[in-house]
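Structural description and commentary
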Amino acid sequence: MRKDSRLSRMLHVLLHMARRDQPFTSEQIAQMLDTNPVVVRRTMAGLRQAGYVRSEKGHGGGWTIACDLKRITLLDIHRAVGGPRIFAIGNETENPECAVERVVNAALDDALRQAEALLLQRLGTIALADLAADFDAICRGSGRDATVQPHEHG
């Protein structure tokens with residue numbers, strides 16, 4: 001099963017956007033992510049609807065950050081990109097009358113619910129500003145400018 005990387009990919013884009021004084025076009029973001037501009041626009045629409053980015057049409061237009069990075073968490077971005085399912089693990093439901101299946105499913109359901117709640121809680125404690133500060137520190141440590149163009153970083 002293919003992993004859903006929307007959260008990771010959009011965090012990547014947002015950090016680049018936060019360190020650049022000019023908009024990114026959908027085409028530039030698509031090239032950065034090795035995807036189609038239509039996919040970018042569809043995904044960015046959720047971020048725009050949540051108020052985290054804005055877009056301007058026409059020459060010189062594109063996507064820009066529209067929020068304070070200190071106030072937006074990874075959980076906020078997760079939700080804005082569609083809140084993809086956290087775990088792909090599922091239960092067997094072919095024999096709902098089977099006592100073994102019911103016991104196994106109950107144990108798995110409980111464990112997965114707890115794990116998901118813990119992960120979502122943790123995502124809610126990490127602000128985009130925290131990631132930006134970590135990125136800036138890495139750039140300073142390597143002597144690079146934090147305003148590098150996409151994928152000029154190591």
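Residues numbered from 1 in each chain as written. Predicted model: local features only at pLDDT ≥ 70, side-chain atom pairs only at ≥ 80, totals over all residues. Heavy atoms only, no water.

Time to look at the packing of aromatic side chains. Evaluated as defined, the whole model comprises zero aromatic pairs. Taking the ring centre of Phe 24 as reference, the NZ or CZ of Arg 20 above it sits at 4.1 Å. (Phe/Tyr/Trp six-rings, centres within 6.5 Å; stacked < 30°, edge-to-face > 60°. Lys NZ or Arg CZ within 6 Å of the ring centre and 35° of its normal.)

Two numbers describe how helix 2 (residues 26-33) lies on helix 3 (residues 37-49): the axes approach to 8 Å, and their chain directions differ by 105 degrees. As far as their axial angle goes, helix 3 and helix 2 are roughly perpendicular. Between helix 2, through Ser 26, Glu 27, Ile 29 and Ala 30, and helix 3, the contact on the second element is made entirely by Pro 37, Val 40, Arg 41 and Met 44. Looking at the contact of helix 2 with helix 3 residue by residue, the classes come out as five nonpolar, one polar and two charged. (Axes fitted to C-alpha atoms, helices over the stretch in contact; angles between N-to-C directions. Helix = DSSP H or I, 4+ residues; strand = E, 2+ residues; numbered from the N terminus. Parallel < 35°, antiparallel > 145°, perpendicular 65-115°, else oblique. Contact = heavy atoms within 4.5 Å. Nonpolar A, V, L, I, M, F, W, Y, C, P; charged D, E, K, R; others polar.)

Backbone geometry follows two general trends: most residues other than glycine have a negative phi, and most peptide bonds adopt the trans configuration. The phi angle at Asp 34 is positive, at roughly 55 degrees, despite the residue not being glycine. Position of Asp 34 among the secondary structure elements: in the loop between helix 2 and helix 3. Owing to a relative accessible area of 71%, Asp 34 belongs among the exposed residues under this scheme. (Buried < 20%, exposed > 50% of the residue type's maximum accessible area, 1.4 Å probe, protein only.)

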